[in-house]
Amino acid sequence: MLVFVAGAAVAGCGGAPAPPPFRVVADNKLLMQSVIDPSADFVWDSVKTIITKDKTEEIRPHTNEEWLAVRNAAVALTESGNLLMMAPRAKDGGDWMKLSQELINTGEAAIRAIDAKNADRLFTVGGDIYEACSSCHRQYMEAIVNANK
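Since we're looking at a predicted model, the values are computed, not measured.

Would you explain the overall build of the protein chain in this entry?
Tallying secondary structure elements over the protein chain gives 5 helices and 2 strands in all. Secondary structure elements of the protein chain occur, N-terminal to C-terminal, as α-α-β-β-α-α-α. A burial count over the protein chain gives 30% of its 149 residues as buried. A sequence separation of at least 24 residues applies to 62% of the contacts in the protein chain between residues at least 6 apart. Of the roughly 9,600 Å² that the protein chain leaves accessible, carbon and sulfur atoms contribute 60%.

Structure, rendered in structure tokens:
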């Protein structure tokens, strides 16, 4: 019995390594300006219809390189949901986390649509991403802007 207790104590002391020393460089505003907004805009602009009096233009990724560029933007957008959950960016443990997770969920849906090269699905998911962003902005935008002044 003594050997078991001693073994458990030793295992508890030297077990898992310490977590990596994260150092947040960008506050929420800078993260939005430099990563989230440009990535979301790239995804949204990748599939659209432009109607003028002379013609209708369907914008879609066509080449593997175009799909890859959209995918890279979707991955950056999706991973930003995780970055928003890190202290000191996280505003609370409730709605902030749920809304950040929604960004991840909708971003993953975009990645799946891109991997399937399904532009129509990507267009629909783009609306879901917009709603996820808008929901967070409605609840937190004023607090974020004021905190970063």
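Before we go on, may I ask you to explain unusual backbone geometry in this structure?
The phi angle of most residues is negative, glycine excepted, and most peptide bonds adopt the trans form. Here the amide bond leading from alanine 87 into proline 88 is cis, since omega sits at 5°, within 30 degrees of zero. Structurally, proline 88 is set in the loop between helix H3 (64–84) and helix H4 (95–115). The phi dihedral of lysine 117 is positive, around 55°, even though this residue is not glycine. Residue position: lysine 117 is located in the loop between H4 and helix H5 (119–147). The partly exposed category is assigned to lysine 117, whose relative accessible area is 44%.

Just checking my understanding: could you explain the environment of methionine 86 for this structure?
Of note, methionine 86 is situated in the loop between H3 and H4. Overall, the relative accessible area of 22% leaves methionine 86 in the partly exposed class. Residues methionine 86 and phenylalanine 22 lie 64 residues apart in sequence; the distance between their C-alpha atoms is 9.1 Å. Residues contacting methionine 86, with those up to four places away along its chain left out, are Phe22 and Val24.

Can you help me understand the packing of aromatic side chains in this one?
We describe a pair of aromatic rings using the distance from one ring centre to the other and the angle between the two ring planes. Taken as a whole, this structure holds 2 aromatic pairs when the rule is applied. Measuring from centroid to centroid gives 5.9 Å for tryptophan 44 and tyrosine 130, while their planes differ by 65°, and the two rings are edge-to-face. Here the residue tryptophan 44 occupies a position in helix H2 (residues 28–46), and tyrosine 130 occupies one in helix H5, the gap between them amounting to 86 residues. With 4.8 Å between their ring centres and 85° between their planes, tryptophan 96 and tyrosine 140 make a pair best called edge-to-face. Within this pair, whereas tryptophan 96 is found in helix H4, its partner tyrosine 140 is found in helix H5, the two being separated by 44 residues in sequence. The two residues tryptophan 96 and tyrosine 140 agree in class, both being buried.

Calculation notes
Residues numbered from 1 in each chain as written. Predicted model: local features only at pLDDT ≥ 70, side-chain atom pairs only at ≥ 80, totals over all residues. Heavy atoms only, no water. Helix = DSSP H or I, 4+ residues; strand = E, 2+ residues; numbered from the N terminus. Buried < 20%, exposed > 50% of the residue type's maximum accessible area, 1.4 Å probe, protein only. Contact = heavy atoms within 4.5 Å. Areas by Shrake-Rupley, 256 points an atom, 1.4 Å probe, with all protein chains shown as cover. Phe/Tyr/Trp six-rings, centres within 6.5 Å; stacked < 30°, edge-to-face > 60°.

Such coordinate-based values are descriptive only and should not be taken to indicate function.
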